[in-house]
Amino acid sequence: MTHADTDGPAEANPGSDDPGSALQPATAGSGFGRRRFLRVLGLGALSIVPLPVVSELIREGGVADVQAEPAHGQGAPARTRDGRVRQWTMIVDLRACDGCQSIGQPPRCTAACIEGHFAPEPMEWMQVFEADLPGGGTQFIPTPCQQCQNPPCVNVCPVGATFSTPEGTVLIDQERCIGCRICMAACPYDRRFFNWGNAPVPPEALLADYSPEHQVPAKKGTVMKCDFCPDMARTGTLPYCIQGCPQRAIYYGDLEEDIATNGREVVSASRLLSENGAYRLKEDLGTEPRVHYIPGHGEAAGRDAFSPGREPTVWPWIERAEGAVTWRR
Amino acid sequence: MAVDRTSRGGRDVAPLNDWQARLEETALTPVRQTGRRFWAVVAILLAIIGWGVYAYSVQLRDGLVVTGMRDRISWGLYIATFVFFIGISHAGTLISAILRVSHARWRRSALRMAEFVTVVALICGASFVIIDLGRPDRLLNVFIYGRWQSPIIWDVLAITTYLTASITYLFVPMIPDLGLFRDRLAGRSSRWRGWLYRTLAIGWNGNPAQWRSLASAIGVLMILIIPIAVSVHTVVSFIFAMTLRVPWDSALFGAFFVAGAIFSGIAILIIVMAILRRAYHLEEYATEKHFVYLGYLMAAFAAIMIYANISELLVHGYKLQEGVEFHFRQLFLAEFAPLFWFYLLGGLCAPIVIALVPATRNVRGIVAAAILVTLAMWIERYFIVVTGLRVPLMPYEPASYAPTWVEWSLLAAGLAAFALLIALFTKLFPMIAVWEVAESREAAVTDDGATRPIGEGPRLAEEASR
């Protein structure tokens, strides 16, 4: 086969073992030889290889320490008296939730959350969905971030801007978030919100000391969500949504110490869950949420399952901050 | 003098024959003369890009609120266009690598253009991810804090690797032609051009040792680039498939995306070839045969796409798990139905018919099919993104999404940038792979299959052992 070759090299210098030297003088002017040529080829091929290690190199160079806690201002985890890290949980007793129909107001948990966090319109970190019941009628489902233990959003974040905490919650560092929104695509509960523009927030929010546990003020081009108020829980204060609930339908607690409270009574979290057939949303997805629901449709608050509708949420501030814009959900 | 130089720079010591001279002339013409029409096209493209820059500045100033995207449909036209561009970047890989590996001789005229398309499409595609970012100012966080666990990082790695590889793969087989340009244009073009070709030809003088190095380099690259290309579009699909969204929850997604990528890549290649053929009078080298063969290849991939669609739709549709019914209704019956049916019938079935019916099996018919496929595949990308996100996750009314003028402007700018970069490439670099075309002609002239063109498999071993 080689003998039949009509290709350039064979033809140009048949039988020569070192044809390069034979033709070398011809290009003496250019100063490039075969070695140089090979070297450039090799370098070209090699340049493919190092790209994936760039970030590793940067890390090795000490430019950034990715293992360090990503957030500034994140407090030390809360502990029980014997030193175990608390595992925050939320239990929503749907039997007591009437979507605030009885007081004729928009859901108070949502309103309290918005006011406490200066949440920009139209973000409802704690949102009350109205779902159809199998036999007809509806139920109200207050839905905060589910604080998954196998969080799809944390898994997909390219920069570690959203992360799980030792307390079992999921936070977002808006100072690292690049706004790629893959976490929003990944969240199966629709619990993530994007700052599409300069969010409308009251002027006092601009003075707040930002931390991932206290996402104020909102930062344009980043993702936000319910943070489970761990900073408040550590100081013995219940989250805004629980404080706001007129029916005391929401419990906040610690699975480690097996305790939960709705602000009126203190109960055993495990007993409350087990004895009332508690479930979690989309349990089959394997996300292991930390938010539990006790089935119901507001009957304990005197609600009839067939009286649908709740008042729409309002935001007390609309375009008060300079350059602010609102957007639809 | 000119003959002397050519014999040194080109690959033949044998005297130039007419055919070779004409080939080289054709390759050199776009570089030598630039007509008024070219500048008019460039001016129009620059105007579109300028408008896109303005639109992007508006987006930077006000945030992504100027787009139609919102929390529930949080990706839209930008990500669809990103997927589309990365898809058509597979043109180069398929045509050059796969056809090189499989010794398909007819590929050679299409080679260089396909490799142009690859590099340019990758650059355009990657920029759409950046356009989509809420905080482009923090782009470097990807390198500083990058997490291996994130599909986005897989994308970054795959795309940068593929870009480097395809630039190398564009460059290496071009070296002999750059040497030709260097020699033929010496003293006859502007100084920077002389410098450009001198530098890029990296001392090519066409001696056998260099040919051997070139052959082994191409041999390694053409094998290497296939897994890289396949992995690129697979991980692009993973940014969807790694989520818990019902319409994206498919193990088939990677293969589906790769097939779609090659499919749309062939279509774009046909269109680019047709335009360049018309503009630079390449009828002799990009013949009807080339178009028909590419049309066959496109039809084959249309068949693969039909198969993939059937498996995907049937497996999901048969069981109708939660959310699937909504998804199918919006695709087949409601909001997206007209365009989705166009995708199925016009984009997947029609190209097969066009390639098979003798009456339409010509340049015009194949180009028409390619345009259909390009439109359909863009629509498909758009639907994957938008319909996938539209399926409600919680009890709320389905969201709606319509791109705004900013998004359309940036799409137009992206396409214009694609066209502009290709146009500039044709003015700088040999768009016909001169030595490879010459080689296949020689091979055809010298007869049978006894001739093995350089750069192909078994010969490398023989070369090395000599």
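The structure this text deals with has already been given above.
Report follows, based on the coordinates. Owing to the predicted nature of the structure, the values given are computational and were not obtained by experimental measurement. (Residues numbered from 1 in each chain as written. Chains lettered and ligands numbered in written order. Predicted model: local features only at pLDDT ≥ 70, side-chain atom pairs only at ≥ 80, totals over all residues.)

### Focus: the overall build of chain B
Argument step 1. Regarding its fold elements, chain B presents 19 helices and 0 strands.
Argument step 2. When burial is assessed residue by residue, chain B has 53% of its 466 residues classed as buried. (Helix = DSSP H or I, 4+ residues; strand = E, 2+ residues; numbered from the N terminus. Buried ≥ 20, exposed ≤ 12 C-beta atoms within 10 Å, placed from the backbone.)

### Quick word on the overall build of chain A
Argument step 1. When helices and strands are tallied, chain A shows 10 helices and 11 strands.
Argument step 2. Classification of the 329 residues of chain A by burial places 47% in the buried group.
Argument step 3. Taking the contacts inside chain A whose residues are at least 6 apart along the sequence as the reference set, 66% of them involve residues at least 24 apart. (Contact = placed C-beta atoms within 7 Å.)

### Remarks on the sheet that holds strand 8 (residues 250-254) of chain A
Residues and elements named next belong to chain A.
Argument step 1. With respect to topology, 5 strands assemble into an open sheet ordered 10-9-8-1-11, the strand pairing being mixed. At either end of the open sheet lies a strand with only one pairing partner, and these are strand 10 (266-267) and strand 11 (291-294).
Argument step 2. Pairing of strand 1 (residues 88-93) with strand 8 involves 5 bridges; the strand directions are antiparallel. Looking at strand 8, one finds that M90 is bridged to Y252. (Pairing = 2+ DSSP bridges.)

### Some details on the nonpolar core
All names here are of chain B.
Argument step 1. Counting 224 residues, the largest nonpolar core has V117, F263, I266, L269 and M298 as the members making the most contacts within it.
Argument step 2. A per-element tally of this core places helix 11 (residues 208-241) first, with 17 residues.
Argument step 3. Those residues in contact with V117 that lie beyond four places of it in its chain are I88, A91, G92, I268, L269 and V272. (Core = buried A, V, L, I, M, F, W, Y, C linked by C-beta atoms within 7 Å.)

### Some details on the packing of helix 2 (residues 18-32) of chain B against helix 9 (residues 175-185) of chain B
All names here are of chain B.
Argument step 1. In contact at an axis separation of 11 Å, helix 2 and helix 9 are set at 75° when each is read in the N-to-C sense. Comparing the axis directions of helix 2 and helix 9 gives the class roughly perpendicular. Taking contact as the criterion, the partners of E24, L28 and V31 in helix 2 are, on helix 9, L180, F181, R184 and L185.
Argument step 2. Here the contact of helix 2 with helix 9 is composed, by residue class, of 5 nonpolar, no polar and 2 charged. (Axes fitted to C-alpha atoms, helices over the stretch in contact; angles between N-to-C directions. Parallel < 35°, antiparallel > 145°, perpendicular 65-115°, else oblique. Nonpolar A, V, L, I, M, F, W, Y, C, P; charged D, E, K, R; others polar.)

### Some thoughts on helix 2 of chain B
Residue and element names in this part refer to chain B.
Argument step 1. An ideal rise of 1.5 Å per residue puts 21 Å on 15 residues; helix 2 measures up with 20 Å between its terminal C-alpha atoms.
Argument step 2. The largest bend in helix 2 comes to about 25°, at T26, with the proline P30 one to four residues further on.
Argument step 3. Here helix 2 has its buried residues at Q20, L23, E24, T26, A27, L28 and P30. (Expected span 1.5 Å × (residues − 1). Bend = angle between axes of the 7 residues up to and from the residue.)

### Section: the pairing of strand 1 of chain A
Residue and element names in this part refer to chain A.
Argument step 1. Of all 6 residues in strand 1, 6 are buried; the element is thus mostly enclosed.
Argument step 2. Going residue by residue along strand 1, you find W88, M90 and V92 tucked away on one face and T89, I91 and D93 tucked away on the opposite face as well.
Argument step 3. Bridge count between strand 1 and strand 11: 4 bridges; the pairing is parallel. Across the sheet, D93 pairs through a bridge with I294, a residue of strand 11.

### Details of the pairing of strand 2 (residues 127-132) of chain A
Across a regular strand the side chains alternate sides, sitting on one face of the sheet and then on the other.
Argument step 1. Looking at chain direction, strand 2 of chain A and strand 3 (residues 138-143) of chain A are connected through 6 bridges and run antiparallel. Directly across from F129 of chain A, in strand 3 of chain A, lies its bridge partner I141 of chain A.

### Some words on unusual backbone geometry
All names here are of chain A.
Argument step 1. Omega for the bond connecting E121 with P122 falls within 30 degrees of zero, at 0°, which places this linkage in the cis form.
Argument step 2. In this structure, P122 sits in the loop between helix 5 (108-117) and strand 2.
Argument step 3. P217 follows V216 through a cis peptide bond whose omega is -5°.
Argument step 4. Within the element layout of this structure, P217 appears in the loop between strand 6 (193-194) and strand 7 (223-224).
Argument step 5. Its identity is not glycine, yet D258 carries a phi of approximately 55°, on the positive side.
Argument step 6. With respect to the secondary-structure elements, D258 resides in the loop between strand 8 and strand 9 (259-261).
Argument step 7. Using a count of 16 C-beta atoms within 10 Å as the deciding quantity, one classes D258 as partly exposed.

### Section: the environment of Y307 of chain B
Residues and elements named next belong to chain B.
Argument step 1. As for its placement among the helices and strands, Y307 is situated in helix 13 (residues 288-319).
Argument step 2. Owing to 13 C-beta atoms within 10 Å, Y307 belongs among the partly exposed residues under this scheme.
Argument step 3. For the pair Y307 and F256, spaced 51 residues apart in sequence, the C-alpha to C-alpha distance is 9.6 Å.

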